[in-house]
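A look at the structure
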Amino acid sequence: MTTTAEPAALLALAVEVAAEAGRVAAEGQAGIDVLDTKSSPTDVVTEMDRAVEKLIRERLLAARPGDAVLGEEGGADAGSTGVRWIVDPIDGTVNYLYGREDWAVSIAAEADGEIVAGVVAVPVRGDVYTATIGGGAHCNGERLRVGPAVPLELALVATGFGYDADRRAHQAEVLRSVLPRVRDIRRCGAASVDLCSLARGRSDAYYERGLNAWDYGAAALVAREAGARVGGLRGAEPGPDLVVAAPPGLFEALHDLLEPLGADTDG
Ligand code: 2AM
Ligand code: CA
């Protein structure tokens, strides 16, 4: 049983649990048959989502009884330690369903309301992104640093779209104005992987509307610790309205493009 809330100790537990969860989920993905007509593949994914979140919850609480756990599949009771775990068992579920590689297990630890440690494990790629507050961001042990703040017109910008048709229609309108102003767009299908790729210099900037705390909690810390500015519009914290991430300098340019387009609204 662990009682310390030191970021490094919380991260070590998160990494261990994410590795086990990632193995289980990856085995599950290998068994999905999209052409199987007897059972719907989406049901299989939902089942796996629930099972992996249950596993993560059990492992975390076995090591640290009294902590709170907020997950996609279940809410949090308050807990008694001041530590709350924010868990996405499978981020990028559509990729998972289609046998693609960009899906992740995401686990963040919040101490007294602030995220202090996070892991994003991308099992099929063998990438484990980690960060602690003030301790930097790493991938497989190597220190991460965002790329330079290139001018907006040279920026490779990652983004994603909601599941709701009306929201998507407005997101397409926003994109129509963004696309001619940047180098190009990438849409990988997993918010956590997008933010970690930014941290690794594999894109220049990222924005997305409609995310939940568990989608970006751990990955936003990775991006920040790699030197990105992560926020919303008009000084807001990153949140469901909008998450924007980029190196300082480029963040402001992207912000000023997105703000008048109402990228943090549904139009
Ligand atoms: P998920 O795979 O866990 O659902 C896709 O653009 C990204 O947005 C994924 O990381 C996806 O997470 C996340 N997302 C979460 N909630 C969403 C929603 N309501 N609509 C669209 N994407 C959502
Ligand atoms: Ca998610």
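For the structure, see preceding data.
My aim in this report is to walk through the structure given alongside it, one point at a time.

Okay, the overall build of the protein next. Counting secondary structure elements, the protein contains 7 helices and 12 strands. Its C-alpha atoms put the protein at 50 × 50 × 35 Å along the principal axes. Relative to its 267 residues, the protein shows a buried fraction of 51%. Looking at the protein alone, contacts between residues at least 24 apart form 60% of all its contacts between residues at least 6 apart.

With that settled, consider the coordination of the calcium ion (ligand 2). For the calcium ion (ligand 2), the full set of protein donor atoms is Asp88 (OD), Asp91 (OD) and Asp215 (OD), at a range of 2.0 to 2.4 Å. Counting gaps between the donor residues of the calcium ion (ligand 2) yields the pattern D-x2-D-x123-D. Separated by 127 residues along the polypeptide, Asp88 in strand β2 (residues 83-91) and Asp215 in helix α6 (residues 213-225) bring together distant segments of the chain. Assessed through its relative accessible area of 10%, Asp215 is described here as buried.

A separate point is a nonpolar patch on the surface. Together, Val94, Tyr98 and Tyr163 line one region of the surface with nonpolar side chains, adding up to about 400 Å² of accessible area. Structurally, Tyr163 can be placed in the loop between β8 (156-159) and α4 (165-178).

This next bit is on the packing of aromatic side chains. Going through the model one piece at a time under the given rule, you end up with 1 aromatic pair. Measuring from centroid to centroid gives 4.9 Å for Tyr96 and Trp103, while their planes differ by 85°, and the two rings are edge-to-face.

Between its first and last C-alpha, α6 extends 18 Å over 13 residues, near the 18 Å set by a 1.5 Å rise per residue. In α6, a bend of some 30° at Ala219 exceeds every other bend along the element. Taken across its 13 residues, α6 has 11 buried, putting it largely inside the fold. Along α6, the residues classified as buried are Trp214, Asp215, Tyr216, Gly217, Ala218, Ala219, Ala220, Leu221, Val222, Ala223 and Glu225.

Our focus in this paragraph is the site of ligand 1. Looking at ligand 1, there are 19 residues lining it, with Asp91, Gly92, Tyr163, Ala191 and Glu208 nearest. Within the side chain of Asp91, one N or O atom sits 2.5 Å away from an oxygen atom of ligand 1. Between ligand 1 and Glu208 there is a distance of 2.6 Å, counted from an oxygen atom to a side-chain nitrogen or oxygen. Protein coverage of the free-state accessible area of ligand 1, which is 480 Å², stands at 88%. Ranked by residues supplied to the shell around ligand 1, first place goes to β2 with 3 residues. Looking at the shell around ligand 1 residue by residue, the classes come out as 6 nonpolar, 7 polar and 6 charged.

The strand order across the open sheet built from 5 strands is β9-β8-β10-β12-β11, with neighbouring strands paired in mixed fashion. Each of the sheet's edge strands pairs with one partner strand only, and the pair in question is β9 (184-186) and β11 (229-231). For this sheet the average axis-to-axis angle between neighbouring strands, irrespective of direction, equals 15°. Here 3 bridges tie β8 to strand β10 (residues 205-208), and the two strands are oriented parallel to one another. Note that in β10 the partner of Thr159 across the bridge is Tyr207. Packed on one face of the sheet, α4 meets β8, β9 and β10 and runs near 155° to β10.

Thresholds, definitions, all that
Residues numbered from 1 in each chain as written. Chains lettered and ligands numbered in written order. Predicted model: local features only at pLDDT ≥ 70, side-chain atom pairs only at ≥ 80, totals over all residues. Heavy atoms only, no water. Helix = DSSP H or I, 4+ residues; strand = E, 2+ residues; numbered from the N terminus. Buried < 20%, exposed > 50% of the residue type's maximum accessible area, 1.4 Å probe, protein only. Contact = heavy atoms within 4.5 Å. Donors = N, O, S within 2.8 Å, 3.2 Å for Na, K, Ca; no water. Patch = residues over 30% accessible without salt bridge, like charges linked within 9 Å, V, L, I, M, F, W, Y side chains within 5 Å. Areas by Shrake-Rupley, 256 points an atom, 1.4 Å probe, with all protein chains shown as cover. Salt bridge = Lys/Arg side-chain N within 4 Å of Asp/Glu carboxyl O. Phe/Tyr/Trp six-rings, centres within 6.5 Å; stacked < 30°, edge-to-face > 60°. Expected span 1.5 Å × (residues − 1). Bend = angle between axes of the 7 residues up to and from the residue. Near = heavy atom within 4 Å. Polar contact = N/O pair within 3.5 Å; in protein donor to acceptor, adjacent residues only side chain to side chain. Nonpolar A, V, L, I, M, F, W, Y, C, P; charged D, E, K, R; others polar. Pairing = 2+ DSSP bridges. Axes fitted to C-alpha atoms, helices over the stretch in contact; angles between N-to-C directions.

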